[in-house]
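Structural overview
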Amino acid sequence: MSNQDITAIKLAFASNQLFFDDAQFPRGFSRSGNFTLLEAQILENNGVVLKALYNNTIEPKNDLQTHFVDVMQGLAEASNIAEKAWLKYLKLTTSPARFHTVFGKSKNTGSEISYGRQIEEY
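This is a predicted model, so every value here is computed, not measured.

Quick notes on the overall build of the protein
If you tally the helices and strands in the protein, you get 4 helices and 0 strands. Element order for the protein, N to C, with α for helix and β for strand: α-α-α-α. Sequence separation of at least 24 residues holds for 59% of the intrachain contacts in the protein that already meet a minimum separation of 6. Roughly 9,500 Å² of accessible area belongs to the protein as shown, and the carbon and sulfur atoms make up 50% of that amount.

Take a look at the structure:
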């Protein structure tokens, strides 16, 4: 992606406010380890407009915003960094967290516990 494309995207989604999600990313997007520096910058600088378009609280004002709305509605594929960054943000904030443990689910039902020796019935 060229610098002209990135500049056009930043201008298309320009906002006077910075976007933060302190509940999910209390140290910021760039320090979370989930986003590239460019994605974090786009979310922070353009996230207010992206969120408003996603929530349908504002109408699209240009072709890039219209395409963003189409992507969010599933009518088009994500083709630019803003769309991809917002989709990644949604995936990280709306998907249930996966919890992994060292001990998996036990196959024993608890009624038959064997410690390596046979128990004889009398």
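Observations concerning the packing of aromatic side chains
This model, assessed by the stated rule, comprises 11 aromatic pairs. Taking the centre distance of 5.9 Å and the plane angle of 15° together, the rings of Phe19 and Phe29 count as stacked. A residue pair is termed long-range when its members are at least 10 positions apart, and Phe19 in the loop between α1 (3–12) and α2 (37–54) and Phe29 in the loop between α1 and α2 qualify at 10 residues. Taken as a pair, Phe19 and Phe29 share a single burial class, namely buried. Residues Phe25 and Tyr89 carry aromatic rings whose centres are separated by 6.2 Å and whose planes lie at 40° to one another, so their mutual orientation is tilted. With Phe25 in the loop between α1 and α2 and Tyr89 in helix α4 (residues 81–94), the pair connects residues that are 64 residues apart, well separated along the chain. Neither residue differs from the other here; Phe25 and Tyr89 are each classed as buried. Members of the aromatic cluster, joined through ring pairs, are Phe19, Phe25, Phe29, Phe35, Tyr54, Trp86 and Tyr89.

Considerations on the environment of Phe20
Residue position: Phe20 is located in the loop between α1 and α2. Judged by relative accessible area, Phe20 falls into the partly exposed class, the value being 49%. In the structure, Phe20 is positioned 23 residues away from Leu43 in sequence and 8.2 Å away in space, judged by C-alpha atoms. Once residues lying within four places of it in the same chain are set aside, the contact partners of Phe20 are Phe29 and Glu44.

Brief notes about the side chain of Asn46
By secondary structure assignment, the location of Asn46 is in helix α2. Reaching out from Asn46, the side chain makes a polar contact with the backbone oxygen of Phe13 at a distance of 2.9 Å. Here Asn46 is in contact with Lys10, Phe13, Ala14 and Gln41, once residues within four sequence places are set aside.

Looking at α2
A rise of 1.5 Å per residue sets the reference length of α2, with its 18 residues, at 26 Å; its end C-alpha atoms lie only 22 Å apart and thus fall more than 12% short of the reference. Within α2 the residues assigned to the buried category are Glu39, Ala40, Ile42, Leu43, Asn46, Gly47, Val49, Leu50, Ala52 and Leu53.

Parameters and conventions
- Residues numbered from 1 in each chain as written.
- Predicted model: local features only at pLDDT ≥ 70, side-chain atom pairs only at ≥ 80, totals over all residues.
- Heavy atoms only, no water.
- Helix = DSSP H or I, 4+ residues; strand = E, 2+ residues; numbered from the N terminus.
- Contact = heavy atoms within 4.5 Å.
- Areas by Shrake-Rupley, 256 points an atom, 1.4 Å probe, with all protein chains shown as cover.
- Phe/Tyr/Trp six-rings, centres within 6.5 Å; stacked < 30°, edge-to-face > 60°.
- Buried < 20%, exposed > 50% of the residue type's maximum accessible area, 1.4 Å probe, protein only.
- Polar contact = N/O pair within 3.5 Å; in protein donor to acceptor, adjacent residues only side chain to side chain.
- Expected span 1.5 Å × (residues − 1).

That's the geometry; what it means functionally is another story.
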